[in-house]
Amino acid sequence: NHISILRENDVLLGRGGGTNNHKGNIKFRKLVNEHKIKYLACSKVDKPKVARQVVQIWRGLNPPGRFLAPNGNQIWMEAGDKKA
């Protein structure tokens, strides 16, 4: 599924200023920071659970949060939860 119209809750995967400065990436980093202490305090076994919780919270937003990987010239594809 090709995506050409980005939404405010899209996290753009990749490197560089274009992705770092995207509104969704900025909001997602804030959400991650809110869970950072919990993540650092939990055991190695529980760390993936905290990460999955953050992804679930993001996907539950309105509009739903998406994790998008580049697929050519201004075209994006849903990356899925594992890459998220």
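None of these values were measured; they are calculated from a predicted model.

Enquirer: What is the right way to read the pattern of salt bridges from this model?
Expert: Charged atoms that come close allow side chains of opposite charge to pair. In total, this model carries five salt bridges according to the counting rule given. Of the charged contacts in the structure, one is a salt bridge between Asp-46 and Lys-49, with a shortest N-O distance of 3.2 Å. The class of Lys-49 is partly exposed, set by a relative accessible area of 43%.

Enquirer: Explain the packing of aromatic side chains here, please?
Expert: Each aromatic ring pair is characterised by the separation of its centres together with the angle its planes make. Taken as a whole, this structure holds two aromatic pairs when the rule is applied. Aromatic side chains Phe-28 and Trp-58 sit 5.3 Å apart centroid to centroid with 75 degrees between the ring planes, which places their arrangement in the edge-to-face category. You can see Phe-28 sitting in helix H2 (residues 23-34) and its partner Trp-58 sitting in helix H4 (residues 47-59), a full 30 residues away along the chain. On the numbers, 5.3 Å between centres and 85 degrees between planes, the contact of Phe-28 with Phe-67 is edge-to-face. Of this pair, Phe-28 sits in helix H2 while Phe-67 sits in strand S3 (residues 66-70), placing them 39 residues apart in sequence. Residue classification places Phe-28 among the buried residues on the basis of a relative accessible area of 13%. In this structure an aromatic cluster arises from ring pairing among Phe-28, Trp-58 and Phe-67. The ring of Tyr-39 is capped by Lys-47, whose NZ or CZ atom sits 4.6 Å from the centre of that ring.

Enquirer: I keep staring at unusual backbone geometry and nothing clicks. Help me out?
Expert: Glycine aside, a negative phi is what most residues show, and trans is what most peptide bonds show. Here the residue pair Asn-62 and Pro-63 is connected by a cis peptide bond, since its omega of 0 degrees sits within 30 degrees of zero. Residue placement: Pro-63 occurs in the loop between H4 and S3. Look at Gln-74: it is not a glycine, yet its phi comes out positive at around 60 degrees. The topology assignment puts Gln-74 in the loop between S3 and strand S4 (76-78).

Calculation rules
Residues numbered from 1 in each chain as written. Predicted model: local features only at pLDDT ≥ 70, side-chain atom pairs only at ≥ 80, totals over all residues. Heavy atoms only, no water. Salt bridge = Lys/Arg side-chain N within 4 Å of Asp/Glu carboxyl O. Buried < 20%, exposed > 50% of the residue type's maximum accessible area, 1.4 Å probe, protein only. Phe/Tyr/Trp six-rings, centres within 6.5 Å; stacked < 30°, edge-to-face > 60°. Helix = DSSP H or I, 4+ residues; strand = E, 2+ residues; numbered from the N terminus. Lys NZ or Arg CZ within 6 Å of the ring centre and 35° of its normal.

This is a description of form; function is not addressed.
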